[in-house]
Amino acid sequence: MSAQALLDLSDRRPARRTGSRRTAKRPSTPLTRNALIADFLALCELDAEIESLRAPADPARFAIGDETIEHVADFEIVRDGASCLIDVMSDDDLLTHPLRAAAIHGIAAVDGRPFLIETAASIRAEPRFTTTRLIMACRRTPVSAGDRVRILHQLDEVGAMRLVDCAGAVMNTQDGVAAVLALACEGLIAVDISRPILPETQVRRRRLPYSDPFAF
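All values reported here derive from a predicted model rather than from experimental measurement.

*Asks:* Just checking my understanding: could you explain the environment of histidine 71 for this structure?
*Replies:* Its place among the elements puts histidine 71 in strand 3 (residues 67-71). Overall, the relative accessible area of 15% leaves histidine 71 in the buried class. Between the C-alpha atoms of histidine 71 and alanine 60, which are eleven residues apart in sequence, the distance is 5.5 Å. Discounting chain neighbours no more than four positions away, the residues touching histidine 71 are Pro59, Ala60, Phe62, Asp87, His97, Pro98, Leu99 and Phe115. In this structure the side chain of histidine 71 is engaged in a polar contact, spanning 2.6 Å, whose partner is the side chain of aspartate 87.

Structure below.
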């Protein structure tokens, strides 16, 4: 803001009142589509049920009444061998989306792929959003080779474990929980992101997206 604009604001500033005063709430900044896409991709990265993700999706045709609409979704996600088309929209962009009304009641492409619209309300729903942020904050935690092997080995032996118990195998990293969650960021450990991060949070070995070359 220019100096003259600041002076103009000061001239219009009301007289200061004595006594208690309330801090005016600043209007929240609308979330951009790029910010929502970044959050959505973080959710997908930690979702152990997602087998693959493609961006953008292959073109799809939708029968809306007597009209056929061709649309290219932002993403095509595969879960359990089934594809799903997804658009990520800000609240403002949603108003002009050509499939908005149909998507409210559920819609699928002519080829059978279901179509969904993800918005700020769904992407940033709690506790999933906070859980994802906490896990991704551990991404840069260095995990030694020894700690990595111990964590993954005990999950191979036991299966699902409580987060606090799994972190007990960590010896070289100062924060054992952060070490476990760092491996979740690498796609080696699955964490239920639909629940808060607690001592009893269940963790398990995640199925590798590629075949084990050693086949132990």
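After presenting the structure, the write-up continues.
*Asks:* Help me out: how do you make sense of the packing of aromatic side chains in this one?
*Replies:* Think of a pair of aromatic rings as described by two things: how far the centres are apart, and how the planes are tilted against each other in angle. Summed over the entire model, instances satisfying the criterion amount to two aromatic pairs. Residues phenylalanine 40 and phenylalanine 75 carry aromatic rings whose centres are separated by 5.2 Å and whose planes lie at 40° to one another, so their mutual orientation is tilted. Placement of the pair is phenylalanine 40 in helix 2 (residues 33-46) and phenylalanine 75 in strand 4 (residues 75-79), with a sequence separation of 35 residues. Considered together, phenylalanine 40 and phenylalanine 75 belong to a single accessibility category, that of buried residues.

*Asks:* Please explain the pattern of salt bridges as it appears in this structure.
*Replies:* A side chain of one charge can pair with a side chain of the opposite charge when the charged atoms of the two come close. One pass over the structure, following the stated rule, counts 15 salt bridges. Two residues, arginine 162 and aspartate 165, come together in a salt bridge whose shortest N-O distance is 3.0 Å. A relative accessible area of 37% means that arginine 162 is categorised as partly exposed. A salt bridge links arginine 195 to aspartate 192, with the nearest nitrogen and oxygen atoms 3.4 Å apart. What emerges from the salt-bridge pattern is a single network uniting Arg54, Asp58, Glu76, Asp111 and Arg113.

*Asks:* Whenever I open this one, the pairing of strand 10 (residues 202-205) confuses me. Can you help?
*Replies:* Each regular strand shows side chains that alternate between the opposite faces of the sheet. Relative to strand 10, strand 8 (residues 161-162) runs antiparallel, the two being bridged by two bridges. Along strand 10, the bridge assignment pairs arginine 162 with glutamine 202. Where strand 9 (residues 189-191) meets strand 10, three bridges bridge the pair, whose relative direction is antiparallel. The residue of strand 10 that forms the bridge with isoleucine 189 is arginine 205.

*Asks:* Explanation requested: helix 2 in the structure shown.
*Replies:* Think of an α-helix as 3.6 residues a turn; residues three or four steps apart then line up on the same face. Helix length check: helix 2 (14 residues) gives 20 Å between terminal C-alpha atoms against 20 Å at 1.5 Å per residue, within 8%. Within helix 2, burial applies to Leu36, Ile37, Asp39, Phe40, Ala42, Leu43, Cys44 and Leu46.

*Asks:* Honestly, the confidence of the model for the protein chain in this entry has me stumped. Any pointers?
*Replies:* Reading fine detail from the predicted coordinates is not recommended where pLDDT is low. With 82% of its residues at a pLDDT of 70 or more, the protein chain has an overall mean of 86. With pLDDT under 50 throughout, residues 1-18 is counted as low confidence; its partners more than four residues away or in other chains account for three contacts.

*Asks:* Explain the packing of helix 7 (residues 145-158) against helix 9 (residues 176-185) to me, please; I cannot follow it from the model alone.
*Replies:* For any two helices packed against each other, one specifies the crossing angle of their axes together with the interaxial distance. For the pair helix 7 and helix 9, the least separation of the axes is 11 Å and the interaxial angle reads 80°. One element, helix 7, and the other, helix 9, form an angle in the roughly perpendicular class. Across the interface between the two elements, Arg148, Ile151 and Leu152 from helix 7 touch Ala179, Val180 and Leu183 from helix 9. For the contact of helix 7 with helix 9, the class distribution of residues is five nonpolar, no polar and one charged.

The rules behind these values
Residues numbered from 1 in each chain as written. Predicted model: local features only at pLDDT ≥ 70, side-chain atom pairs only at ≥ 80, totals over all residues. Heavy atoms only, no water. Helix = DSSP H or I, 4+ residues; strand = E, 2+ residues; numbered from the N terminus. Buried < 20%, exposed > 50% of the residue type's maximum accessible area, 1.4 Å probe, protein only. Contact = heavy atoms within 4.5 Å. Polar contact = N/O pair within 3.5 Å; in protein donor to acceptor, adjacent residues only side chain to side chain. Phe/Tyr/Trp six-rings, centres within 6.5 Å; stacked < 30°, edge-to-face > 60°. Salt bridge = Lys/Arg side-chain N within 4 Å of Asp/Glu carboxyl O. Pairing = 2+ DSSP bridges. Expected span 1.5 Å × (residues − 1). pLDDT = per-residue confidence, 0-100. Axes fitted to C-alpha atoms, helices over the stretch in contact; angles between N-to-C directions. Parallel < 35°, antiparallel > 145°, perpendicular 65-115°, else oblique. Nonpolar A, V, L, I, M, F, W, Y, C, P; charged D, E, K, R; others polar.

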